[in-house]
Structure formats: C-alpha cells, structure tokens
Amino acid sequence: VSSNNKALFVALSETMEHYYHGDTKSRITTHITYSYDSLGNVATYTNHASGMEKDKYMVTIQYHSDPDNYLYSIPSNHEVTTSEGLRRKNESSINE
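Here is a short report on the structure shown in this document.

Cut-offs and rules
- Residues numbered from 1 in each chain as written.
- Predicted model: local features only at pLDDT ≥ 70, side-chain atom pairs only at ≥ 80, totals over all residues.
- Heavy atoms only, no water.
- Helix = DSSP H or I, 4+ residues; strand = E, 2+ residues; numbered from the N terminus.
- Contact = heavy atoms within 4.5 Å.
- Phe/Tyr/Trp six-rings, centres within 6.5 Å; stacked < 30°, edge-to-face > 60°.
- Buried < 20%, exposed > 50% of the residue type's maximum accessible area, 1.4 Å probe, protein only.
- Pairing = 2+ DSSP bridges.
- Axes fitted to C-alpha atoms, helices over the stretch in contact; angles between N-to-C directions.

### A closer look at the environment of asparagine 90
For asparagine 90, the location among the structural elements is in strand E8 (residues 85-91). Taking the C-alpha atoms as reference points, asparagine 90 and isoleucine 61, separated by 29 residues in sequence, lie 9.6 Å from one another. Contacts of asparagine 90, omitting those with residues within four sequence positions, involve Ser76, Asn77 and His78.

### Observations concerning the packing of aromatic side chains
The tally for this structure, following the rule as stated, stands at 3 aromatic pairs. Seen from their ring centres, tyrosine 70 and tyrosine 72 are 5.1 Å apart, and the 85° between their planes marks the pair as edge-to-face. The class for tyrosine 70 is exposed, based on a relative accessible area of 67%.

### What to know about the environment of serine 50
Mapped onto the fold, serine 50 is located in the loop between strand E5 (42-47) and strand E6 (57-63). Taking the relative accessible area as the measure of exposure, serine 50 reaches 43% and is therefore partly exposed. Between the C-alpha atoms of serine 50 and serine 92, which are 42 residues apart in sequence, the distance is 32 Å.

### Quick look at the sheet that holds strand E7 (residues 75-82)
A sheet is described by the order of its strands in space; here 6 strands give the open sequence E3-E4-E5-E6-E7-E8, paired in antiparallel fashion. In this open sheet, the two edge strands, each paired with only one partner strand, are strand E3 (14-19) and E8. Taken over all neighbouring pairs, the strand axes of this sheet differ in orientation by 15° on average, direction set aside. Two elements, strand E4 (residues 28-36) and E5, share 5 bridges in a ladder whose sense is antiparallel. Considered in E5, the bridge of serine 35 is made with threonine 44.

In structure tokens:
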C-alpha cells in the first residue's frame, strides 16, 4: 500500500500470549516486543517471558545489503542474549 508515493508498513510492535491450561484464568502470560529497521525487517525482538528476568532473552538481527541483486532481507548476523550475556550467534554470507 502506498500513500503520496511512500510505502506504508504496519508493524507488529508486541504480542501477548495467555496460557490457560484448562482453567478460566490465565496461568502463564508471555510478552514479546519487536523493533524494525528502515526496510521493515525485524531488527530486534525481546521475549519478556512471564516477567522473570532469568527467562527473558533478546534477539538482534542484522541483514545483508546487496543493492546490485536487491537483497536486503537475508540475515547476516543473529545474536541471542540473556541476562547472562551472549548465548548464541549465527553469521551468514552470500555467494557473489
């Protein structure tokens, strides 16, 4: 969708999931927040879990920028951090 020749993007900013496990009251609630880069790719998401700091983690994603082949949404770096620091890191390369 565009308006005045500008692209529009409706970004998901957060989700909340409620787990009832057969009860009428939510037993567990998880909360995830999202941020995006200028192209609409997910740049970070944070899983706040059920509010306990030990269960919280954040994922940071960087993307390749290859204007010749119009490749902008292939992750180049993916890092998962917790309160204990960096837990996982993945990197990728693109064949030229």
